[in-house]
Amino acid sequence: MANHKATKKDMRQAAKRRDRNRYNGKTTRNAIRDLKVITGKKEAKEAIPSVEGMIDKLAKRGIIHKNKAANLKSKLAKRVNALA
């Protein structure tokens, strides 16, 4: 256990950040999963901007790598464009 005040504060901050990052990551993964389930092109086109925004936000905050974000967005766009 930490003995210094600053270290204790750092542990509290790290725990908050970890929880927030975990929540945002899980929420985004769920949104991606829900988008993949959509079969109508119109509904998918309406849903994709918000999911891409969530992915961009994760990359901006360093939760996922920017190349991973680009790959996810590319695959989602390909899937949406392939819908009939």
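Each chain has its residues counted from 1, running along the sequence as written. Confidence filtering applies because this is a predicted model: local features only for residues at pLDDT of at least 70, side-chain atom pairs given and counted only at 80 or more, and all residues used for totals across whole chains, interfaces and linings. With hydrogens and water excluded, all non-hydrogen atoms of the structure serve as input to the side-chain values.

Draft legend 1. Expanded view of a positive patch on the surface. A patch is a set of surface residues, each over 30% in relative accessible area and not in a salt bridge, joined within 9 Å for like charges and within 5 Å for the nonpolar side chains Val, Leu, Ile, Met, Phe, Trp and Tyr. Note that accessible areas follow from Shrake-Rupley with a 1.4 Å probe, and for residues the cover is restricted to the protein chains shown. A side-chain nitrogen of Lys or Arg and a carboxyl oxygen of Asp or Glu constitute a salt bridge if their distance falls within 4 Å. His is not counted, nor are the chain ends, whereas Lys and Arg count as positive and Asp and Glu as negative. The atoms used to mark charge sites are NZ of Lys, CZ of Arg, CG of Asp and CD of Glu. Together, Lys8, Lys9, Arg12, Lys16, Arg17, Arg20, Lys57, Lys60 and Arg61 give the surface a local cluster of positive charge. Runs of E in the DSSP output that reach at least two residues are strands. Runs of H or I that reach at least four are helices, and both are numbered from the N terminus. If you list the elements that add at least two residues to the positive patch, you get α1 (5–37) and α2 (41–60). Among the elements that take part in the positive patch, α1 stands out by supplying six residues, more than any other. By the secondary structure assignment, Lys60 is in helix α2.

Draft legend 2. Layout of the pattern of salt bridges. Counted by the stated rule, this structure contains two salt bridges. Between Arg33 and Asp34 there is a salt bridge, with its nearest N and O atoms 3.7 Å apart. The partner of Asp56 in a salt bridge is Lys73, with the nearest N and O atoms 2.9 Å apart. Placement of the pair is Asp56 in helix α2 and Lys73 in helix α3 (residues 66–82), with a sequence separation of 17 residues. Owing to a relative accessible area of 35%, Asp56 belongs among the partly exposed residues under this scheme. For the exposure calls, accessible area comes from a 1.4 Å probe over protein chains only, and a residue counts as buried if that area is under 20% of its type's maximum, exposed if over 50%, partly exposed in between.

Draft legend 3. The nonpolar core, seen in detail. Residues belong to one nonpolar core when they are buried, are Ala, Val, Leu, Ile, Met, Phe, Trp, Tyr or Cys, and are joined through side-chain atoms within 4.5 Å. Grouped together as the largest cluster of nonpolar side chains are 12 residues: Ala31, Ile32, Leu35, Ala44, Ile48, Val51, Ile55, Leu58, Ile64, Ala69, Leu76 and Val80. For this core, the secondary structure elements donating two or more residues are α1, α2 and α3. In terms of residue count, the dominant contributor to this core is α2 (five residues). Here a residue-residue contact requires only that any non-hydrogen atoms of the pair lie within 4.5 Å. The contacts of Ile32, once residues within four sequence positions are left out, are Val51, Ile55, Leu72 and Leu76.

Draft legend 4. Representation of α2 within the structure. In this model α2 runs 28 Å from its N-terminal to its C-terminal C-alpha over 20 residues, within 8% of the 28 Å that 1.5 Å per residue would give. The sharpest bend along α2 reaches about 30° and sits at Ile48, with the proline Pro49 one to four residues further on. Of all the residues in α2, the buried ones are Ala44, Ile48, Val51, Ile55 and Leu58. In this fold, the buried residues of α2 make contact with α1 and α3. At the C-terminal side of α2, Gly62 shows a positive phi close to 85°. Helix span, as expected, comes to 1.5 Å for every residue beyond the first. Each residue is assigned a bend, namely the angle between axes fitted to the seven residues that terminate at it and the seven residues that start at it.

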